[in-house]
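# Report on the structure
Here are the chains, one letter per residue:
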Amino acid sequence: MGKELKIGVLISGSGSNLQSIMDACAAGAINGRVVCVISNKADAFGLERARKAGIPALHLDHRAYSGREAYDEALVATLREFEVELVVLAGFMRIITSVLLDAFPMRVMNIHPALLPAFPGLHAQRQALEYGAKVAGCTVHFVDCGTDTGPIIMQAAVPVLQGDTEESLCARIQKEEHRIYPEAVRLFSEGLLQVDGRVVTVSA
Ligand code: GRF
């Protein structure tokens, strides 16, 4: 087993995906450690989850910066301070720029609550319901400069049931998020992910 991967997690809210990754690290399922959690929102519950786990939890307010690039420069500086090797976006409600992506090439992951390329952007579960989709799900992908367009690492599907509300569908999808996000990070931590253009393969 190689050396422990240093993971930085960016959040804006509840942090249930953050929790699943911290838990997988604590259980030894991921050969890595969450070394810092950064939120653009002061009241994000995920910051409390991090503190409870003894992980540095920082609030970096995007409103204090002149623009997206300036904010991303501050993010990069903080992530470098903690020697982060993989940046995990977990409900981070900010558009990121090439400033962050160039600092961490193919080292920024995101989870999106839809089966991409269907329903990118905001309110993916609502989009699926309104479209009348019968299958929904979630996607872990590397982040590129588009919105939810980067190379797909892993996906999981769930049924859309009659009578579903946005909440019931979100809950069904989240169960799968909490399974596949730690699994994708595990594969990365073991150096098993290969990216060739859009296509990600897992080495044996
Ligand atoms: C998840 O539904 C994820 O797919 C989306 O934002 C939500 C974050 O939830 N990107 P949590 O903060 O991890 O609980």
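What counts, and where the lines are drawn
Residues numbered from 1 in each chain as written. Predicted model: local features only at pLDDT ≥ 70, side-chain atom pairs only at ≥ 80, totals over all residues. Heavy atoms only, no water. UniProt positions renumbered as here; feature names shortened; annotations may be inferred. Salt bridge = Lys/Arg side-chain N within 4 Å of Asp/Glu carboxyl O. Helix = DSSP H or I, 4+ residues; strand = E, 2+ residues; numbered from the N terminus. Axes fitted to C-alpha atoms, helices over the stretch in contact; angles between N-to-C directions. Parallel < 35°, antiparallel > 145°, perpendicular 65-115°, else oblique. Left-handed = near helix turned anticlockwise from the far one by under 90°. Contact = heavy atoms within 4.5 Å. Buried < 20%, exposed > 50% of the residue type's maximum accessible area, 1.4 Å probe, protein only. Near = heavy atom within 4 Å. Polar contact = N/O pair within 3.5 Å; in protein donor to acceptor, adjacent residues only side chain to side chain. Areas by Shrake-Rupley, 256 points an atom, 1.4 Å probe, with all protein chains shown as cover. 1 Å grid on protein atoms, 1.4 Å probe; cavity = no way out; pocket = protein on both sides within 12 Å on 5 of 7 lines; lining within 4 Å. Sits in = over half its atoms within 2 Å of the grid points. Nonpolar A, V, L, I, M, F, W, Y, C, P; charged D, E, K, R; others polar.

- As annotated in an unreviewed UniProt entry, the protein chain is Phosphoribosylglycinamide formyltransferase from Geomonas paludis.
- Under the Pathway (unreviewed entry) heading, UniProt states for the protein chain: "Purine metabolism; IMP biosynthesis via de novo pathway; N(2)-formyl-N(1)-(5-phospho-D-ribosyl)glycinamide from N(1)-(5-phospho-D-ribosyl)glycinamide (10-formyl THF route): step 1/1."
- The UniProt entry for the protein chain carries this comment under Function (unreviewed entry): "Catalyzes the transfer of a formyl group from 10-formyltetrahydrofolate to 5-phospho-ribosyl-glycinamide (GAR), producing 5-phospho-ribosyl-N-formylglycinamide (FGAR) and tetrahydrofolate."

## Comments concerning the pattern of salt bridges
- As enumerated under the stated definition, the model contains nine salt bridges in all.
- In this structure, the salt-bridge partner of Lys6 is Glu83, at a minimum N-O distance of 3.0 Å. Of this pair, Lys6 sits in strand β1 (residues 5-11) while Glu83 sits in the loop between α3 (68-81) and β4 (86-89), and the two are 77 residues apart along the sequence.
- Salt bridges sharing partners connect three or more residues here, namely Glu183, Arg186 and Glu190.

## Overview of the packing of helix α1 (residues 16-26) against helix α2 (residues 45-52)
- One can describe the packing of α1 onto α2 by two numbers: an axis separation of 9 Å at closest approach and a directional angle of 20 degrees. Relative to α2, the element α1 is oriented roughly parallel. Handedness of the α1/α2 crossing: right-handed. Residue-level contacts link Ser16, Leu18, Gln19 and Met22 of α1 to Gly46, Arg49 and Ala50 of α2.

## Here we look at the environment of Leu18
- Within the fold, Leu18 resides in helix α1.
- Residue class for Leu18 comes out buried when judged on its relative accessible area of 0%.
- Sequence separation between Leu18 and Ala50 is 32 residues; the distance between their C-alpha atoms is 8.3 Å.
- Apart from residues lying up to four places away in sequence, Leu18 is in contact with Val9, Ile11, Val34, Val37, Gly46, Arg49 and Ala90.

## Section: the site of the ligand
- Around the ligand, the structure places Ser14, Gly15, Ser16, Asn17, Gly91, Ile111, His112, Pro113, Gln174 and Glu177.
- In the environment of the ligand, an oxygen atom lies 3.3 Å from a nitrogen or oxygen atom belonging to the side chain of Ser14.
- In this structure, Gly15 approaches the ligand through a main-chain N or O atom, which is 2.7 Å from an oxygen atom.
- Expressed as a share of its isolated accessible area of 370 Å², the protein-covered part of the ligand is 83%.
- Assessed atom by atom at 2 Å from the grid points, the ligand resides in the largest pocket.
- When its residues are assigned to classes, the shell around the ligand shows two nonpolar, seven polar and one charged.

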